[in-house]
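Observations on chain architecture
These are the residues of each chain, in order.
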Amino acid sequence: MAVRASDSEDLNPRPTKRLRHDFAESAFPHATPCHENQGSATLTSPPSLRRLHPAALLLSLPVLLLHPKDHKMYLQSLALARHALKQCLTLPSLEPAEECRAWTGLAELGMMWLETGAEGLGIGEVELALTKALGISQKYPALRLYTPHLTILSARLAQQYQGNSKYATQTLRRILNSLEGSAHTSTSTPSHIILTLYLELIHSLALTAEDEASTASGPPSLGKCLAALNAMVQGAGVGPNLVELLCLVIKLQLLIRYGVWTAVPGALGEAEKAFNEYDAPPSDPAFPSPPVPPTLRTHLLILSVLFHTYAGDAQVATDRLRVLHALLDTGVLELKANKAGVEEGALEGWADGVIEVSLLLHNLYNK
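Throughout what follows, the structure given in this document is the object of discussion.

Rules used in this analysis
- Residues numbered from 1 in each chain as written.
- Predicted model: local features only at pLDDT ≥ 70, side-chain atom pairs only at ≥ 80, totals over all residues.
- Heavy atoms only, no water.
- Axes fitted to C-alpha atoms, helices over the stretch in contact; angles between N-to-C directions.
- Helix = DSSP H or I, 4+ residues; strand = E, 2+ residues; numbered from the N terminus.
- Parallel < 35°, antiparallel > 145°, perpendicular 65-115°, else oblique.
- Contact = heavy atoms within 4.5 Å.
- Nonpolar A, V, L, I, M, F, W, Y, C, P; charged D, E, K, R; others polar.
- Core = buried A, V, L, I, M, F, W, Y, C linked by side-chain atoms within 4.5 Å.
- Buried < 20%, exposed > 50% of the residue type's maximum accessible area, 1.4 Å probe, protein only.
- Phe/Tyr/Trp six-rings, centres within 6.5 Å; stacked < 30°, edge-to-face > 60°.
- Lys NZ or Arg CZ within 6 Å of the ring centre and 35° of its normal.
- Salt bridge = Lys/Arg side-chain N within 4 Å of Asp/Glu carboxyl O.

Bringing the packing of helix 8 (residues 191–212) against helix 10 (residues 242–257) into the picture now. Remark: helix 8 packs on helix 10, axes separated minimally by 12 Å, with the N-to-C direction vectors making an angle of 0 degrees. Comparing the axis directions of helix 8 and helix 10 gives the class roughly parallel. Along the contact surface, helix 8 presents Leu-195, Leu-199, Ile-202, Ala-206 and Glu-210, while helix 10 presents Val-243, Leu-246, Ile-250, Leu-254 and Arg-257. Partitioned by chemical class, the residues of the contact of helix 8 with helix 10 number 8 nonpolar, no polar and 2 charged.

Encoded structure:
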């Protein structure tokens, strides 16, 4: 026998009615509510939004799509970012700046793909992107600052994936000579771009020296690398500065890496003297010097401990090791990433315009 449910025990209750939201407060937060707008019954219109140009949207997508290198979807994010830039290049009536930026982005993403060692992208595609971007940047003076960056990418491609280190170093030297020749003209290049090119040239020569290290006569490119370091110091200005300190540490690393022990004491003394002079109180307290980056000071102490241990100066090595431990105990190298993904303190102490670039810093502990 069927049993009729009471109203309080309805087996199929009606769904709860949705609550009514104030239209003005939810959809248009800047609108005046009706109960506050006593003089008029109309709502205030929301601020009008300008339609985003498709090229601007597609050029901005790679920054939003890319994942960190250790993410499991890193390759997929690279593929999506490359697809967005390719779609941008199919748009009609692109501005030269937009087209140059798209080809440059394809070259950068292509280099990132090659670094993973994954298949699906040929070197020829990266070469094509670099050729297109360089052609546009050299055609329009307003885009001339793209040229040094594209030259760096071209040199890396030639040396790391095509085995043509000679072309890489010659290309970097050629653009350095051309930019330094126009240093006092109206089209002078910013100093941080010159320093970046020098660091890339040093990196290229250091890679070449690594390949030559197995030869009996030693790496001939080491002398060229040291000469480039000296030229970089001369271009950085007079007196101890952060660029000079960086060059002195790199020079010391190279000498220890390739076992040029006779030159290490002089280079180490020069570096420690420059650091002490830089740490001295400034002559004008109103213009203090930026602090030395902790990573740079840590490298110098590690190299100093390595050399004095190799030379058998136990007491000197112990003293510097104690200073190194005290520096590390302060937690200066324990960096935390901020919301933008940049490690806080990573660039602290660097002069304005000096950017962080990749540099071949060998593991010296086995020495």
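Formed by 50 residues in total, the largest nonpolar core has its most connected members in Leu-197, Met-232, Leu-245, Leu-252 and Leu-254. Considering every element that reaches this core, the biggest residue donor is helix 10, with 12 residues. Within the second largest apolar cluster, 30 residues are counted, among which are Ala-55, Ala-84, Ala-107 and Leu-150.

Once that is clear, we can look at the packing of helix 9 (residues 221–236) against helix 10. It is the contact of helix 9 with helix 10, at a shortest axis distance of 9 Å, that shows an interaxial angle of 170 degrees. The angle between the axes of helix 9 and helix 10 places the two elements in the roughly antiparallel class. On the side of helix 9, the interface is formed by Leu-222, Cys-225, Leu-226, Leu-229, Met-232, Val-233 and Ala-236, while helix 10 contributes Val-243, Glu-244, Cys-247, Ile-250, Lys-251, Leu-254 and Leu-255.

This part takes up the packing of aromatic side chains. Evaluated as defined, the whole model comprises 2 aromatic pairs. Taken together, a centroid distance of 6.3 Å and an interplanar angle of 20 degrees make the contact between Trp-261 and Phe-307 stacked. Residue Trp-261 is located in the loop between helix 10 and helix 11 (264–279), and its partner Phe-307 is located in helix 12 (residues 294–311); the two are separated by 46 residues in the primary sequence. Directly above the aromatic system of Tyr-258 lies the positively charged group of Arg-257, at a separation of 5.2 Å from the ring centroid.

Taken as a whole and assessed by the stated rule, the structure comprises 9 salt bridges. Between Glu-125 and Lys-86 there is a salt bridge, with its nearest N and O atoms 4.0 Å apart. With Glu-125 in helix 5 (residues 123–139) and Lys-86 in helix 3 (residues 74–89), the pair connects residues that are 39 residues apart, well separated along the chain. The class for Glu-125 is partly exposed, based on a relative accessible area of 37%. Residues joined in a network through salt bridges with shared partners are Arg-82, Lys-86 and Glu-125.

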